[in-house]
Amino acid sequence: MQCTKCAEKAVYTGQGQNFCKNHFINYFENKVLRTITRFGLFAPDDQVCVATSGGKDSLSVLYMTMKYCREHHIAFFALAIDEGIAGYRDHTLDDLRLFCTQYDIKLEIVSFKDRFGDTLDNIREKGIEKNKKPCTVCGIFRRTLLNREAKRLGATKLATGHNLDDEAQSFLMNTLLGNMSHNASLGPITGLNQNDKFVPRVKPLYFISEKESRLFALLKGFKVEFNECPNIGLSFRATVRDEINAIESKLPGAKNGIVNAFLEILPELKEKYRAEKSRHTFQYCKRCGDACSGEICNACRLEEELCRKETVLRNSKE
Amino acid sequence: MNIFIEKENKRLALAKHAIRVADLLLDLGIKDSTVIVVKNGTVVLEDELLEQEDDIQILSVVSGG
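Parameters and conventions
- Residues numbered from 1 in each chain as written.
- Chains lettered and ligands numbered in written order.
- Predicted model: local features only at pLDDT ≥ 70, side-chain atom pairs only at ≥ 80, totals over all residues.
- Helix = DSSP H or I, 4+ residues; strand = E, 2+ residues; numbered from the N terminus.
- Buried ≥ 20, exposed ≤ 12 C-beta atoms within 10 Å, placed from the backbone.
- Contact = placed C-beta atoms within 7 Å.
- pLDDT = per-residue confidence, 0-100.
- Pairing = 2+ DSSP bridges.
- Right-handed = clockwise from strand over helix to strand, strands pointing away.
- Axes fitted to C-alpha atoms, helices over the stretch in contact; angles between N-to-C directions.
- Core = buried A, V, L, I, M, F, W, Y, C linked by C-beta atoms within 7 Å.
- Expected span 1.5 Å × (residues − 1).

**Let's talk about the overall build of chain B**
Thinking step 1. Counting its regular elements, chain B contains one helix and seven strands.
Thinking step 2. Its helices and strands in sequence order give chain B the pattern β-β-β-α-β-β-β-β, from N to C terminus.
Thinking step 3. Seen through its C-alpha atoms, chain B measures out along the principal axes to roughly 35 × 20 × 20 Å.
Thinking step 4. Residues classed as buried in chain B amount to 31% of the 65 residues present.
Thinking step 5. When contacts within chain B are restricted to residue pairs at least 6 apart in sequence, those whose partners lie at least 24 apart make up 60%.

Laid out in structure tokens, this is it:
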């Protein structure tokens, strides 16, 4: 198959076009830069924190943020969370360190162990609440740490590597569970209401599929090893992901269709749930001071639970 | 042909004279939207003909976690 734009052999086909290596890279970069401009993801006075893990999406979003920010003289840095998942995160962090050295990017790494007292592996081992899956614990701690650390480091935007597949999955997961208010918080800029406790999250790879992201990383020569989290098979997301991929194989463009349809209803969803949410004033966690919906935030509740488990375990050994 | 399936970290030696990428993926039960196929170090598309002496990598595009 030949590139639609030149005589070279195509390495990508999608959206009715075929691209060779160079034209694919142009297509990818233009799509991300258009997303940043279209949704106003970065402003001239921003300090951008890029949430990274060393995987294909985070290296691609870090590279594209670097490209945009250096061209527009916007300050940026990378932040990684080490959850403590042996044989998984340690490998991706090695790839990330190498990448940041190569491109001269400031990198901050913070761990669950330093900030919450234990690794995710140990937390899982202790069996924190039987009905909680490791992905739930990991998600709460990761979200909290990314926000807290980005804030501590002076960030005004938090750029994440969420891509088209992630958004299509999240939208369907929320819809299947009937959580339309959660859908209202999705979109290229997440959240409903501004609060100085939250660093706004933005998604430059919003229209980039996983396949495009991996292909970009591969063609740019980023060192990305396939490394699947050992806990992924336990998640609802994995089920939805596999179903959407099965549909995409039969109906190419389905992921784009889902996300574009979602974007059409997003303004109404935001308006509806913003109005509902604004009737309730923000509460602040009594323990850490973060904005939350109850007396203490989910991360602090988990931390307390972890301490209780620790005490029970210690007492049972004595 | 030698085939490496990244997701399963599995290597296969397949005795086929010639097969298209699309048919190989179908035979292996792999959905094309979840992989990138590399032939002798170059990314190829579903219509590419693979021959006995080719070295094939099937790379996963699915997120790690």
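**Brief notes about the confidence of the model for chain A**
Thinking step 1. Predicted confidence across chain A gives a mean pLDDT of 88, with 92% of residues reaching 70 or more.
Thinking step 2. Mean pLDDT values over the elements of chain A span from 76, in helix α12 (residues 298-317) of chain A, up to 97, in helix α1 (residues 21-38) of chain A.

**Quick word on the pairing of strand β5 (residues 107-111) of chain A**
Residue and element names in this part refer to chain A.
Thinking step 1. As defined by bridge partners, strand β4 (residues 75-82) adjoins β5 across five bridges and the pair is classed as parallel. Paired with D82 across the strands is S111, a residue of β5.
Thinking step 2. For the crossover from β4 across helix α3 (residues 89-103) to β5, the handedness is right-handed.

**Some remarks on the sheet that holds strand β6 (residues 157-159) of chain A**
Residues and elements named next belong to chain A.
Thinking step 1. Here five strands make up an open sheet; going across it, the order is β5-β4-β3-β6-β7 and the pairing parallel. With partners counted over all chains shown, the strands left at the sheet margins are β5 and β7 (201-202), one partner each.
Thinking step 2. Both strand β3 (residues 47-52) and β6 contribute to a ladder of three bridges, which runs parallel. Bridged to V50 within β6 is A159.
Thinking step 3. Strands in contact with α3 are β3, β4 and β5; relative to β4, the strand with the most contacts, it is inclined by about 160°.
Thinking step 4. Against the sheet, helix α6 (residues 134-152) makes contact with β3, β4, β5 and β6, and its axis sits at roughly 145° relative to β4, the strand it touches most.

**Some details on the nonpolar core**
All names here are of chain A.
Thinking step 1. Residues V48, C49, V50, L79, F141 and L158 are the most contacted members of the largest nonpolar core, which totals 85 residues.
Thinking step 2. With seven residues, helix α2 (residues 56-72) is the single largest residue contributor to this core.
Thinking step 3. Apart from residues lying up to four places away in sequence, C49 is in contact with F77, L79, A150, L153, A155, K157, L158 and V199.

**Considering the sheet that holds strand β4 (residues 35-39) of chain B**
Thinking step 1. Ordered by their spatial adjacency, five strands build an open sheet running β2-β1-β7-β4-β5 (chain B), and the pairing between neighbours is mixed. Because the sheet does not close on itself, it has two edges, and the strands there are β2 (10-13) and β5 (42-44) of chain B. Averaged over neighbouring strand pairs, the angle between their axes works out to 25° when direction is ignored.
Thinking step 2. Where β4(B) and strand β7 (residues 55-60) of chain B come together, five bridges link them in antiparallel fashion. By the bridge assignment for β7(B), K39(B) is matched with I56(B).
Thinking step 3. Sheet strands in contact with helix α9 (residues 210-220) of chain A are β4, β5 and β7 of chain B, and its direction is about 35° off that of β4(B).

**With respect to unusual backbone geometry**
Thinking step 1. Even without a glycine there, the phi angle at H73(A) is positive, about 55°.
Thinking step 2. Relative to the helices and strands, H73(A) resides in the loop between α2 and β4.

**Observations concerning helix α7 (residues 164-176) of chain A**
Residues and elements named next belong to chain A.
Thinking step 1. Given a rise of 1.5 Å per residue, 13 residues ought to cover 18 Å, and the 18 Å separating the end C-alpha atoms of α7 matches this to within 8%.
Thinking step 2. All of the buried residues along α7 are L164, D165, D166, E167, A168, Q169 and F171.
Thinking step 3. Following α7 by one or two positions, G178 has its phi on the positive side, about 75°.

**With respect to the environment of Y273(A)**
All names here are of chain A.
Thinking step 1. Positionally, Y273 belongs in helix α11 (residues 254-278).
Thinking step 2. Among the residues examined, Y273 registers 18 C-beta atoms within 10 Å and is labelled partly exposed.
Thinking step 3. In the structure, Y273 is positioned 80 residues away from N193 in sequence and 9.8 Å away in space, judged by C-alpha atoms.
Thinking step 4. If we skip the residues at most four places from it in the chain, Y273 touches S181, A184 and L192.

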